[in-house]
Amino acid sequence: MLTHQSEFLPPCAGVSSLPGSLKATPPKCSTTPSNCRSDTMAQKTLYKGPLFKGKRCVILADGFFEWRRQDGEKQPYYIYFPPIKAEQSSDEEGSPDGGARRLLTMAGLFDCWEPPNGGEPLYSYTVITVDASKAMNWIHDRMPAILDGDEEIQKWLDFGEVPAKEALKLIHPIENITYHPVSTIVNNSRNNTPECLVPIILKPKKEPALSASSKKMLEWLQSKSPKKESGGTLTSPKLSQLAVSPKKTSAGLMHQWLKKEGEPSPKRVKR
């Protein structure tokens, strides 16, 4: 099962929760894709019923997509379990890099509505999400609650032996995931082809073009940069080189005038 989006339909309220007479149509529920947050599912009416009734499930997928927002753009990434060595599992489907591909196992909740007059029951489910781990929090701040290994899967599904409070300890971020960027064709959910999973190489973003004034300033800085001596070290200007020739300021003129006042005036030569 390949998931093109990380949102799924939430479980609808059961018939038993409807007041009054039973209805022949399913109860109204949100048709907007929604995930179940681990930090609030024990309090929200929509999720706490299935949780404490043991309606726990595992959603299998090759992987899932998440989008990283940067500079007003959204780059999709394909996220999945790292391939394992071929000798560790002979019944798994091989991956292009020689390892065995392992299905992603996400923790979820389900519910079922059964028509009162008979007919096909209506099942719905939701994926539980947690804060993203360090491995992928730079892509997105949330991730599915992934069950890593057969033991965790069995405990999550064994609602008879493992109560809800104990099962909730299995819901946490994991670091054992990998990812690669993919084409933006996955932005359209109608696209369901192998091309959606092909890794791509992200092009480096071009630096913004310099304005005319910025170019002149850059050229001036480069031309005025300190020159190197033959030894390869930068030369420091001496204090004598920084000395400025005295200027005739008002303070300087006053100082000269006072100095002349203290000296005997020169005698005039009689003609």
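For the structure itself, consult the block above.
Just so it is clear, the model here is predicted, and its values are computed rather than measured.

**Student:** Teacher, can you tell me more about the pairing of strand 6 (residues 122-131) here?
**Tutor:** For a regular strand, side-chain orientation follows a simple rule: the groups alternate between the two sheet faces. As defined by bridge partners, strand 1 (residues 36-37) adjoins strand 6 across two bridges and the pair is classed as parallel. Within strand 6, the position partnered with cysteine 36 by the bridge is isoleucine 128. Direction of pairing for strand 5 (residues 104-113) relative to strand 6: antiparallel, over a ladder of six bridges. Looking at strand 6, one finds that cysteine 112 is bridged to tyrosine 123. Here strand 6 pairs with strand 7 (residues 142-144) via three bridges, running antiparallel. Within the sheet, the bridge partner assigned to aspartate 131 lies in strand 7 and is arginine 142.

**Student:** Explain the nonpolar core to me, please; I cannot follow it from the model alone.
**Tutor:** One recurring pattern in soluble globular proteins is that nonpolar side chains are buried together. Ranked by internal contacts, the top residues of the largest apolar core, which has 33 residues, are Leu109, Ile128, Ile146, Trp156 and Ile177. For this core, the elements supplying multiple residues, two or more each, are helix 1 (45-52), strand 2 (56-61), strand 5, strand 6, helix 2 (150-157) and helix 3 (164-167). If you tally residues by element for this core, the top one is strand 5, at four residues. Apart from the residues within four sequence positions on either side, isoleucine 177 is in contact with Ile79, Tyr80, Pro82, Ser133, Ala135, Met136, Met143 and Ile146. In this structure, Phe65, Val182, Val186 and Cys196 belong to the second largest nonpolar core, which totals seven residues.

**Student:** How should helix 1 be read in this particular structure?
**Tutor:** Counting along an α-helix, one turn takes 3.6 residues, and residues three or four places apart therefore face a common direction. Those residues of helix 1 that sit buried are Tyr47, Pro50 and Leu51. Taken down its axis, helix 1 places every buried residue within 105° of arc, on the same side. Each element contacted by the buried residues of helix 1 is listed here: strand 1, strand 5, strand 6 and helix 3. Where helix 1 terminates, the next one or two residues include glycine 54, which has phi positive at roughly 80°.

Reading guide: rules and limits
Residues numbered from 1 in each chain as written. Predicted model: local features only at pLDDT ≥ 70, side-chain atom pairs only at ≥ 80, totals over all residues. Heavy atoms only, no water. Pairing = 2+ DSSP bridges. Helix = DSSP H or I, 4+ residues; strand = E, 2+ residues; numbered from the N terminus. Core = buried A, V, L, I, M, F, W, Y, C linked by side-chain atoms within 4.5 Å. Buried < 20%, exposed > 50% of the residue type's maximum accessible area, 1.4 Å probe, protein only. Contact = heavy atoms within 4.5 Å. Arc of directions from axis to C-beta.

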